[in-house]
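# Topology and contacts: notes
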Amino acid sequence: MTQARPALKSGGIRVDLQLIAEMVPPACRVLDIGCGDGTLLEYLWREKQVDGRGIELGQAGVNACVERGLSVIQGDADTDLIDYPDHAFDFAVLSQTLQAVRRPDAVLTQLLRIGHQAIVSFPNLGHWRARLALALHGRSPLTALVGHPWYDSPNIHPCTIRDFVQMCDGLGIRIRRSIAVDGDAKTAPFTGVSRLANLFGVQAVFLLGKD
Amino acid sequence: MDAARHAVAVSACDQMVIEEPLRLDSGAVLAPITIAYKTYGRLNRDRSNAILICHALTGDQYVLGPHPVTDKPGWWETMVGPGMPLDTERYFIICPNVLGGCMGTTGPAHDDPITGRPYGLTFPVITIRDMVRVQALVVDSLGIGDLFCVIGGSMGGMLVLEWATTLKERVFSAVPIAASVRHSAQNIAFHEVGRQAIMADPDWCGGEYQRTGRRPERGLAVARMAAHITYLSEAALHRKFGRRLQNREQLSFAFADPDFQVESYLRHQGSSFVERFDANSYLYISRAMDYFDLAADHGGTLTAALQGSRARFCVVSFSSDWLFPTAESREIVRALNAIAGNVSFVEIASDKGHDAFLLDEPEFFATITGFLNGAAEHRGLARR
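Please read all numbers here as calculations on a predicted model, not as lab measurements.

Looking now at the packing of helix H3 (residues 59–67) of chain A against helix H13 (residues 362–379) of chain B. With their axes 7 Å apart at the nearest point, H3(A) and H13(B) run at an angle of 45° to one another. Here H3(A) lies oblique to H13(B), going by the angle between them. Across the interface between the two elements, Asn63(A), Val66(A) and Glu67(A) of H3(A) pack against Glu363(B), Ala366(B), Thr367(B), Gly370(B) and Phe371(B) of H13(B). The class makeup of the residues in the contact of H3(A) with H13(B) is three nonpolar, three polar and two charged.

Below, the structure written as structure tokens:
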């Protein structure tokens with residue numbers, strides 16, 4: 001699916017994928033929802049011997065994944081997660097996909113039904129550039145945030161870090177770790193609703209669980 | 001490529017005879033059973049690199065040619081060979097002729113040992129599961145415990161799914177292509193048209209044509225023509241033939257010769273098919289496909305059928321296949337998701353219809369190559 005600006009750590013994979021990979025212990029079971037071309041799954045397989053599965057909306061991405069030897073199916077996060085049994089995976093991962101689903105709350109609930117824990121990353125609409133685009137230039141912050149023009153964007157539900165934390169509160173989801181990533185791919189852990197994170201984070205990565 | 005082809009270790013068409021009676025799903029008992037099969041490549045020391053290819057309704061064990069009857073190339077030369085997706089330098093490939101077939105494995109054209117005459121319609125009705133039981137006998141006799149992969153298209157895909165259910169502990173990976181978990185009403189209907197065409201041919205002689213020295217060629221040809229349409233797509237037919245006329249400038253206003261190229265093509269398909277296929281085999285094998293219903297045969301649900309399978313699955317469909325449409329492959333995928341199974345699913349964009357699995361489809365080949373490479377790595381098979 002869509003990606004926020006592809007900030008890369010030097011020589012490695014996308015920075016949010018790197019953060020996700022660090023949260024996943026070796027040899028566990030991971031379902032990657034919106035797995036794109038399979039970069040994270042392949043990394044987890046090669047580096048951590050993770051038993052990974054993927055769901056991807058775009059057929060081209062699916063085919064690319066299978067050609068890489070990954071176990072990936074074509075499917076839709078909004079409609080196809082109900083097929084999976086409870087707690088079949090240690091982690092359900094949703095990287096840069098939350099903002100593109102029809103019901104982020106329902107998808108999040110499914111993630112924590114299928115996985116014991118969930119890892120979610122998304123572009124932060126609260127970033128100062130997005131605020132500036134609207135406040136100073138009167139332009140949709142969407143364009144500034146993820147590059148797609150507002151009328152032709154798969155990102156139908158962009159949210160701020162504060163929005164996301166509030167949604168988790170409402171759903172009874174516990175946030176176990178939260179990390180903001182700034183425009184230079186520098187990472188900063190934070191707790192609760194951090195004003196700084198919400199202002200300077202280009203994106204955020206959350207580790208979630210149920211009590 | 002041709003030079004490389006010669007290097008493939010190909011078995012002569014091997015045959016084995018099983019004397020021990022086999023109880024079939026119908027309750028009938030069959031003995032002895034002759035099984036004809038071909039192998040390609042070499043079995044490794046661990047016996048861990050064996051791939052079983054399951055052929056389709058009118059296929060046979062001649063994956064690579066030349067075919068002994070038609071002298072034509074094998075039916076899956078696009079997929080099998082050195083450096084091909086099913087790499088004979090790396091994998092040991094087994095392809096048996098199915099039970100009920102007419103290329104050497106026991107079928108209705110064989111002699112009944114009790115009467116000494118061809119079985120004809122006294123041959124017991126067989127099922128996909130019966131075919132799998134017989135394939136397993138070949139695998140056993142080769143000293144192979146579990147198969148690295150079971151792969152096949154169309155009816156071959158049904159056989160793959162049956163393996164992954166009935167003999168799930170012997171399947172490391174499974175590739176059902178253009179397949180379904182049950183034969184649809186529409187598909188049963190097309191098969192019935194074919195069977196009625198055969199049985200309406202006076203030369204069928206109530207199934208005892210072998211005794212009279214006649215062959216129901218017209219009926220079998222019509223069955224093939226009707227079936228062949230279902231293997232293509234409207235778009236493919238239009239692209240290939242349109243409304244173009246066959247060797248003529250104008251309509252003939254008669255029936256004897258084909259006016260249209262598509263008619264000529266179908267007649268050719270029919271007449272070349274009868275040279276190599278037995279009419280009663282067609283009845284029995286098409287019946288076995290009609291009876292196939294994986295869920296009904298295994299406790300009523302697909303999830304129950306597949307429960308406990310640890311195989312890596314790669315489900316493949318083709319976008320223009322209306323005989324085994326993508327929706328039916330998706331049903332397999334959903335059932336595997338429900339058991340948190342290890343499944344990949346790829347729909348290949350093609351306008352060539354059901355037959356696309358036999359044709360040159362680069363994305364399809366890349367999918368199979370990648371999937372098998374991944375599976376081989378998980379199995380610890382050495383790289384080429």
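Time to look at the nonpolar core. Nonpolar side chains in soluble globular proteins generally cluster together in the buried interior. Of all hydrophobic cores here, the largest spans 168 residues; its most connected members are Ile51(B) and Val160(B). Residues from two domains meet in this core; each of domain 1 (2–183 + 293–379) and domain 2 (188–286) of chain B gives at least three.

A few words on the sheet that holds strand E3 (residues 72–74) of chain A. Residues and elements named next belong to chain A. An order of E3-E2-E1-E4-E5-E8-E6-E7 is seen for the eight strands of this open sheet, with the pairing classed as mixed. Two strands in the sheet have a free side with no partner beyond their single neighbour: E3 and strand E7 (187–189). If you compare each strand with its neighbour and ignore which way they point, the axes differ by 20° on average. Across the sheet, helix H1 (residues 15–23) touches strand E4 (89–95), strand E5 (115–123), strand E6 (174–181), E7 and strand E8 (203–209), and the angle it forms with E8 is around 20°. Sheet strands in contact with H3 are strand E2 (51–56) and E3, and its direction is about 160° off that of E3.

Take helix H4 (residues 185–200) of chain B next. Side chains that are three or four residues apart share a direction in an α-helix, a result of its 3.6 residues per turn. All names here are of chain B. Given a rise of 1.5 Å per residue, 16 residues ought to cover 22 Å, and the 22 Å separating the end C-alpha atoms of H4 matches this to within 8%. The complete set of buried residues in H4 reads Asn187, His191, Gly194, Ala197 and Ile198. Down the axis of H4, the buried set is contained in an arc of 115°. They therefore lie on one face. Exposed positions of H4 whose direction lies more than 90 degrees from the buried face are Ala185, Gln186, Ala189 and Ala200.

Here we take up the confidence of the model for chain A. Residues shown with low pLDDT carry predicted positions that ought not to be read at fine detail. Considering every residue of chain A, the mean pLDDT works out to 91; 93% of them sit at 70 or more. Taken together, the stretch residues 1–10 of chain A has pLDDT below 50 and engages in 30 contacts with residues farther than four places along the chain or on a different chain.

The interface is formed by 17 residues belonging to chain A together with 21 residues belonging to chain B. Secondary structure elements with two or more residues in the side of chain A that touches chain B: H3 and E3 of chain A. Considering every element that reaches the side of chain A that touches chain B, the biggest residue donor is H3(A), with five residues. When grouped by side-chain class, the residues that make up the side of chain A that touches chain B number eight nonpolar, five polar and four charged.

The rules we used
- Residues numbered from 1 in each chain as written.
- Chains lettered and ligands numbered in written order.
- Predicted model: local features only at pLDDT ≥ 70, side-chain atom pairs only at ≥ 80, totals over all residues.
- Axes fitted to C-alpha atoms, helices over the stretch in contact; angles between N-to-C directions.
- Helix = DSSP H or I, 4+ residues; strand = E, 2+ residues; numbered from the N terminus.
- Parallel < 35°, antiparallel > 145°, perpendicular 65-115°, else oblique.
- Contact = placed C-beta atoms within 7 Å.
- Nonpolar A, V, L, I, M, F, W, Y, C, P; charged D, E, K, R; others polar.
- Core = buried A, V, L, I, M, F, W, Y, C linked by C-beta atoms within 7 Å.
- Buried ≥ 20, exposed ≤ 12 C-beta atoms within 10 Å, placed from the backbone.
- Domains from an automatic or database assignment.
- Pairing = 2+ DSSP bridges.
- Expected span 1.5 Å × (residues − 1).
- Arc of directions from axis to C-beta.
- pLDDT = per-residue confidence, 0-100.

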